[in-house]
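Close look at the chain arrangement
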Amino acid sequence: MPKIIAASQVVVDDGSGLTIKELVGNVTSKEDRISIAQKKIAKPTSEPWMISECDEWLCILAGRIVIHHTGGELEVVAGQTAFIGRGERYRLVFPG
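Summary of the structure given here. In this text the structure is predicted, and so the values were computed from the model without any measurement. Note that residues are indexed from 1 along each chain, following the sequence as it is written. The model is predicted, so local features are restricted to residues of pLDDT at least 70 and side-chain atom pairs to those at 80 or more, both for listing and for counting; the totals for chains, interfaces and linings are taken over all residues. Here the side-chain values reflect all heavy atoms present in the structure, with hydrogen atoms and water set aside.

**Description of the environment of Pro48**
Basically, it comes down to this: Put simply, DSSP H or I for four residues or longer makes a helix, DSSP E for two residues or longer makes a strand, and each gets a number counted from the N terminus. The buried label goes to any residue with under 20% of its type's maximum accessible area, the exposed label to any with over 50%, and the partly exposed label to all in between, with areas taken from a 1.4 Å probe on protein chains only. Any two residues having at least one pair of non-hydrogen atoms within 4.5 Å are treated as being in contact.
Residue placement: Pro48 occurs in the loop between β4 (45-46) and β5 (50-51). Looking at Pro48, the relative accessible area reads 60%, which means it is exposed. Residues Pro48 and Ile84, 36 residues apart in the sequence, show an inter-C-alpha distance of 15 Å. Look past the residues within four positions of Pro48 in its chain and what remains in contact with it is Tyr90 and Arg91.

**Some words on the nonpolar core**
Most often, soluble globular proteins keep nonpolar side chains buried together rather than apart. Cut-off, in case you're wondering: For this analysis, a nonpolar core means a set of buried residues of the types Ala, Val, Leu, Ile, Met, Phe, Trp, Tyr and Cys, connected via side-chain atoms within 4.5 Å.
Judged by nonpolar contacts, Leu58, Ile60, Ile65, Ile67, Val76, Ala82, Ile84, Tyr90, Leu92 and Phe94 together constitute the single largest core of ten residues. Elements with a contribution of two residues or more to this core: β7 (64-69), β9 (81-84) and β10 (89-94). Looking at this core element by element, the count peaks at three residues for β10. Not counting residues up to four positions away in its chain, the partners in contact with Phe94 are Lys39, Ile41, Pro44, Thr45, Ser46, Glu47, Arg64 and Ile65.

**Some points on the packing of aromatic side chains**
Stated precisely, the cut-off is as follows: Classification of ring pairs rests on two measures: the distance between centres of Phe, Tyr or Trp rings, Trp counted by its six-membered ring, which must be within 6.5 Å, and the angle between planes, read as stacked under 30 degrees, edge-to-face over 60 and tilted in between. Distance and angle both matter: a charge sits over a ring if NZ of Lys or CZ of Arg is within 6 Å of the ring centre and within 35 degrees of the ring normal.
If you walk through the whole model with that rule in mind, you get one aromatic pair. In this structure, Arg89 is placed above the aromatic ring of Trp49, and the distance from its NZ or CZ to the ring centre is 4.2 Å.

**Some points on the sheet that holds strand β1 (residues 9-13)**
Here is the rule we go by: For two strands to be treated as a pair, DSSP must find no fewer than two bridges joining them. Every angle, taken between N-to-C directions, lies between 0 and 180 degrees, and every axis is a line fitted to C-alpha atoms, over only the stretch in contact when it is a helix.
Here we have three strands laid out as an open sheet, ordered β1-β2-β3, and antiparallel in their pairing. This sheet does not close on itself; its edge strands, each paired only once, are β1 and β3 (36-41). The mean angle between the axes of side-by-side strands here comes to 20 degrees, regardless of whether they run parallel or antiparallel. Examined bridge by bridge, strand β2 (residues 18-24) and β3 share six bridges and lie antiparallel to one another. Counted as the bridge partner of Ile20 is Lys39 from β3.

**Here we look at the pattern of salt bridges**
Defined as follows: When a carboxyl oxygen of Asp or Glu is within 4 Å of a side-chain nitrogen of Lys or Arg, the pair counts as a salt bridge.
Inspection of every chain in the model, using the stated rule, returns two salt bridges. The salt bridge partner of Glu47 is Lys39, with a shortest N-O separation of 2.7 Å. Glu47 sits in the buried class, given a relative accessible area of 8%. Close ionic contact of Glu75 with Arg64 constitutes a salt bridge, the shortest N to O distance being 2.7 Å. Of this pair, Glu75 sits in strand β8 (residues 72-77) while Arg64 sits in strand β7; the two residues are eleven residues apart in sequence, bridging distant segments of the chain. Residue classification places Arg64 among the partly exposed positions, given a relative accessible area of 35%.

Okay, structure coming up:
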């Protein structure tokens, strides 16, 4: 039976133009198997290095990102989707 899982919630608004709205995940639905979020970037910025706690798919709707990882860098542009596996160390850079 269909059901509503959660209501979206802003989990990051750093004042420098990076906003992350979680649709499903630890904050909104208490779900740790999957995280679905929308990121909006107003100007060039980056996130700190992190280790993925679940598999992540990054669907780029506009602009581009650079994924720094232990093996190098991967540029992902609008219309592409990238995958980051659970346990992988990475950093997202939003060049603008």
